[in-house]
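Notes for the structure review
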Amino acid sequence: MVTREIQQQLCEIFGPDNVLTSKISMEAYGYDSSPFYGTPDAVVFAETVADVSRLMNLADREKLNVIARGAGTNLSGGCVPTDGGIVLALSRFNKILEIDPVNETALVEPGVANMALQKAAAPHGLMYAPDPASLRVATIGGNVAEGAGGMRGVKYGVARDHLLGLEVVLADGEIVQLGSGGKYSPGVNSTGIFCGSEGTFGIITKIRVKLVGLSRYVRTMTAVFDNLQNAGKTVSNIISRGIVPVTLEIMDRTMVRAVDDFLQLGLPRDAEALLLIEIDGCEEELDRQANEIVTISQESGATQVILATSEEQRQDLWKARRSGNGALGRIKPAYMVQDVTVPRHKVPWMLTFVADIARKYDITIAQLAHAGDGNLHPHLLYDPFNKEEHARVEKAALDIFKAALDCGGTLTGEHGIGIEKKQYMSMAFSPEDMNFMKDIKKALDPNLILNSGKVLDIPRCQYGS
């Protein structure tokens, strides 16, 4: 509990203008982009690592829960203060400290928006490869904490593939430097365990990431299908021919219609599925690859393949893909979006399975997928005031999680475990695996004050805190 005395100490650390305790402020910081909600006891805005260190020293002494928060775009409830405590807002911790074009790295603070880093790297002919749909506001700190990916993941990988080093404030306030500026980092790879830990192991205050070359030449196309499974098969067929596109994204009919209603782009509304494909590389090679993809798509059942002939057409296609989440609000006021992954060859089966689950439970599911990565995003739509419908959505979600794991997949590809998937962790990991992860958590955070109630189920009262 944050007492008046602790509030006073917070004001001494951050300054009175950077400490919020009003009811309306607690409401504003009680949720993220997931359906979950909680109420913090206070919100503080940090701008220096010294502020964060002093906060953790205080929190550890008083055994106060601390929840790090970037832009609040989390989709699994990772920054929702379900156990109360202090929300540590890192949105002002937003400086790009260095772009090193020679060594192709960047050093940033955690509150830097993904798009801001893309814009800073582009003049050097470089990019930060992870590009979640929310990149305009989602922060690099959040990208690392959640293990974010994006639409370029099939070729360029996800956040953990581009993480070189971290500055972290530990639970007791100690500041440590992990990793280095290059790939030849000696010693134990302690940087990696913080990627995807969702703020439960420490507070990230600096991040060094790897940048990659920005291709000057791209080709973008869409393939239209009257069969959802054929769209999934096309993905495997393209990659099995040795072509690795930057992007292989599937939108099903529900998603296509929602986006077209929203943007009026003239998308093929009667199609069962739309496959967005983008390739990059040498200009001479791209035309050959594009022609081969057209042939593969037609052989796999595409009824139409359209190559973007202008940058405007290309941007319209990307706008359609990135608008999916928001457009669904026209159908139902709420959704639960999953991000299960399956082996790539299981994508066609999984897309069909999800469609069958929608019919089984009489609910609407709109499907997006980073299909090249086997990362599916079924959006289970519902009315939050209809408890019976919500219950059917919960049952459908469980069936999808089970099916993904039975396929050899995972609970999450990029959204994190958070609150949403914590109850399913025992389905995905053995008791020994779970105990190992809990032991790491207890070693790094003995008083369990870092983002309590997320990822791992270790009740503070049972642990003696």
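Since the model is a prediction, treat every value here as computed from it, not as a measurement.

**Comments concerning the environment of V154**
- With respect to the helices and strands, the residue V154 is situated in helix α6 (residues 153-156).
- On the accessibility criterion, V154 (15% relative accessible area) is buried.
- With residues up to four places along the chain from it excluded, the contact list for V154 reads I239, V244, P245, V246, T247, L248, G372 and D373.

**Quick notes on the sheet that holds strand β6 (residues 105-108)**
- Spatial ordering of the open sheet is given by β5-β6-β10-β8-β9, a layout of five strands whose pairing is antiparallel. Among the strands making up the open sheet, the edge pair consists of β5 (96-100) and β9 (175-179). Averaged over neighbouring strand pairs, the angle between their axes works out to 10° when direction is ignored.
- In this structure, β5 lies alongside β6, joined through four bridges in antiparallel fashion. From the neighbouring strand, D100 faces β6, where its bridge partner is T105.
- Packing of helix α3 (residues 49-62) onto the sheet brings it into contact with β8 (163-169), β9 and β10 (203-210), and relative to β8 it is tilted by some 55°.
- Sheet contacts for helix α4 (residues 114-121): β5, β6 and β10; angle to β5, the most-contacted strand, approximately 40°.

**Focus: the state of the cysteines**
- All told, the structure shown has zero disulfides when counted by the stated rule.
- C79 supplies the cysteine sulfur nearest to C195, a cysteine that is in no disulfide, at a spacing of 16 Å.

**Section: the nonpolar core**
- With 58 residues, the main nonpolar core has I250, L275, M350, I365, L376, L380 and I400 as its most contacted residues.
- If near-sequence neighbours (up to four positions away) are discounted, I400 is found in contact with Q338, V340, M350, F353, V354, I357, I365, P378 and L380.
- With 26 residues, the next largest nonpolar core counts L10, I13, F93 and V169 among its residues.

**Details of the pattern of salt bridges**
- Evaluation of the coordinates by the stated rule reveals 25 salt bridges.
- As a salt-bridge pair, E272 and R253 come within 3.2 Å of each other at their nearest N and O atoms. Taken together, the positions of E272 in the loop between α8 (253-263) and β14 (273-280) and R253 in helix α8 put the pair 19 residues apart, joining distant regions of the chain.
- Among the residues examined, E272 registers a relative accessible area of 30% and is labelled partly exposed.
- Between E285 and R288 there is a salt bridge, with the nearest N and O atoms lying 2.4 Å from each other.

What counts, and where the lines are drawn
- Residues numbered from 1 in each chain as written.
- Predicted model: local features only at pLDDT ≥ 70, side-chain atom pairs only at ≥ 80, totals over all residues.
- Heavy atoms only, no water.
- Helix = DSSP H or I, 4+ residues; strand = E, 2+ residues; numbered from the N terminus.
- Buried < 20%, exposed > 50% of the residue type's maximum accessible area, 1.4 Å probe, protein only.
- Contact = heavy atoms within 4.5 Å.
- Pairing = 2+ DSSP bridges.
- Axes fitted to C-alpha atoms, helices over the stretch in contact; angles between N-to-C directions.
- Disulfide = S-S within 2.5 Å.
- Core = buried A, V, L, I, M, F, W, Y, C linked by side-chain atoms within 4.5 Å.
- Salt bridge = Lys/Arg side-chain N within 4 Å of Asp/Glu carboxyl O.

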